[in-house]
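# Topology and contacts: notes
The lines below spell out each chain.
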Amino acid sequence: MRERPIFTHSFISVMLINFFIFFSFQMIFPTLPLYIHELGGSDSVVGLIMGVFTVTSLISRPFAGFALDKFGRRKVFLLGLVVLCIGAFSYSLVRVLALIAAIRLVHGIGWGIAGTSNATIAADLLPKERLGEGIGYFALSNSLSMAIAPAAGLYIAHLYGFSDTFKFAGVLVIASILLALVIKYKAYKPKAVSIQEGLYEHSAFGPTFLVFCISVTFSGIASFLPLYAASEQIEDIGWFFTCYAAAIFFSRLIIGKVVDRRGYSVVLIPGFFALMISLLLISQARSLEMLLVAAAVFGLGFGAAQMTLQTMVVKGVKPTRLGAANATFYSGIDLGNGLGALTLGALAELVGYSKMFLCSSLIILAALLVYTFYLRHRIKKA
């Protein structure tokens, strides 16, 4: 039988939207703390304002998933993009820290709605027999934006100022809105569900726990690796994240086809081992070269594991529960990113950065054991 195509014009539009909204987010993320400092905000104020984004994103996701399944995709998606656009542009209009915090709350709501909607629509548009491959391609736009956008945001801020950086981020979301208007959304009949049973998808809890574990460890790397490198007098640590992004990009090009043809375990178990090995390497690293090896290994493991878990979530759920499933999954990522920095930061104060990264490998070991001895036998094969 001839395989159904992945790259329809609607799916290409969804990929471009994903690239634009992630690019917008990644531009704002490194520049907003500098802007807050310029306005007189302390480090604690920076942490508070940046953190409220995660809180509102986490809260909004389950309601976005419920709305997607109950009322359909188009209206919810456009609402999320409009809120996201308002948030991005609004940073350029105010110079009062309290108002920036309020905008950050709104921006987080838009991110939660738009991100959940986009992932759900992408899964809608993909042929089920090529779901892993398609999600891998979809996720490439995340990796590409991660590699380019932070540097682009800082460059524009340096050249033209913070206001123009935020305006450019808003223009990218406007482009996303225009693309969202031309998507041919897959028609389905929404199921009447109560809000109590509709906010979360129970079948997604297992993969969500696993991606939560992975996100905790990544949050530790993103938050504390630069400090660890400085304590070891390792310079040019930015190359770690460039190498990491390149490895993720490469893994997502090829892993999806393997998942579709060979099943989850063939990819997921080696992915967990790669993550553990990487964290062990980081804990013992005393040179940039060793950290770059760890970055490549972590990127391969992270890209393979996260994409496989997302495929697992959307492949095993009814179309009328796809929004709730994606909301549940991305809530695990948000929660892991938020709690990871908090808990691992406290651990680092007690035992130091090296032992903190060593302990992080035990979190991945726990995820591997949960999958191997519990979830693997309960999840339908790809």
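Below or above, wherever it landed, is the structure these notes cover.

Parameters and conventions
- Residues numbered from 1 in each chain as written.
- Predicted model: local features only at pLDDT ≥ 70, side-chain atom pairs only at ≥ 80, totals over all residues.
- Heavy atoms only, no water.
- Patch = residues over 30% accessible without salt bridge, like charges linked within 9 Å, V, L, I, M, F, W, Y side chains within 5 Å.
- Areas by Shrake-Rupley, 256 points an atom, 1.4 Å probe, with all protein chains shown as cover.
- Salt bridge = Lys/Arg side-chain N within 4 Å of Asp/Glu carboxyl O.
- Helix = DSSP H or I, 4+ residues; strand = E, 2+ residues; numbered from the N terminus.
- Buried < 20%, exposed > 50% of the residue type's maximum accessible area, 1.4 Å probe, protein only.
- Axes fitted to C-alpha atoms, helices over the stretch in contact; angles between N-to-C directions.
- Parallel < 35°, antiparallel > 145°, perpendicular 65-115°, else oblique.
- Left-handed = near helix turned anticlockwise from the far one by under 90°.
- Contact = heavy atoms within 4.5 Å.
- Expected span 1.5 Å × (residues − 1).

### A few points about a nonpolar patch on the surface
On the surface, I174, L178, L181 and V182 cluster together into a nonpolar patch covering about 340 Å² of accessible area. Checked against the element boundaries, L181 lands in helix α6 (residues 162-182). Since its relative accessible area comes to 40%, L181 is described here as partly exposed.

### A closer look at the packing of helix α11 (residues 288-315) against helix α12 (residues 322-351)
For any two helices packed against each other, one specifies the crossing angle of their axes together with the interaxial distance. As a packed pair, α11 and α12 sit with axes 9 Å apart at the nearest point and diverge in direction by 150 degrees. Here α12 runs roughly antiparallel to α11, going by the angle between their axes. Along this stretch, α11 crosses α12, giving a crossing that reads as right-handed. When α11 is examined against α12, the residues Q306, L309, Q310, V313 and V314 are found in contact with a partner set consisting of L322, A325, N326, F329, Y330 and I333.

### Thoughts on the side chain of S57
Topologically, S57 is positioned in helix α2 (residues 43-71). Leaving out residues up to four positions away in the same chain, S57 has contacts with G108, I109, W111, G112 and D334.

### Thoughts on helix α3 (residues 73-90)
For an α-helix the count is 3.6 residues per turn, leaving residues at separations of three or four pointing the same way. Relative to the 26 Å expected for 18 residues at 1.5 Å per residue, α3 spans 26 Å between its end C-alpha atoms, a close match to the ideal helical length. Those residues of α3 that fall on the buried side of the exposure criterion are R73, V76, F77, L78, G80, L81, V83, L84, C85, G87, A88 and S90.

### A closer look at unusual backbone geometry
In the Ramachandran plot, Q233 falls in the positive-phi region, its phi being about 60 degrees despite a non-glycine side chain. For Q233, the location among the structural elements is in the loop between α8 (205-231) and α9 (238-262).

### Details of the pattern of salt bridges
In total, this model carries six salt bridges according to the counting rule given. The residue E38 makes a salt bridge to R95 at a minimum N-O spacing of 4.0 Å. Placement of E38 in helix α1 (residues 9-38) and of R95 in the loop between α3 and α4 (97-125) is noted, with a sequence separation of 57 residues between them. Judged by relative accessible area, E38 falls into the partly exposed class, the value being 48%. Assessed through its relative accessible area of 55%, R95 is described here as exposed. Each of D69, R73 and D124 takes part in one network of salt bridges that share partners.

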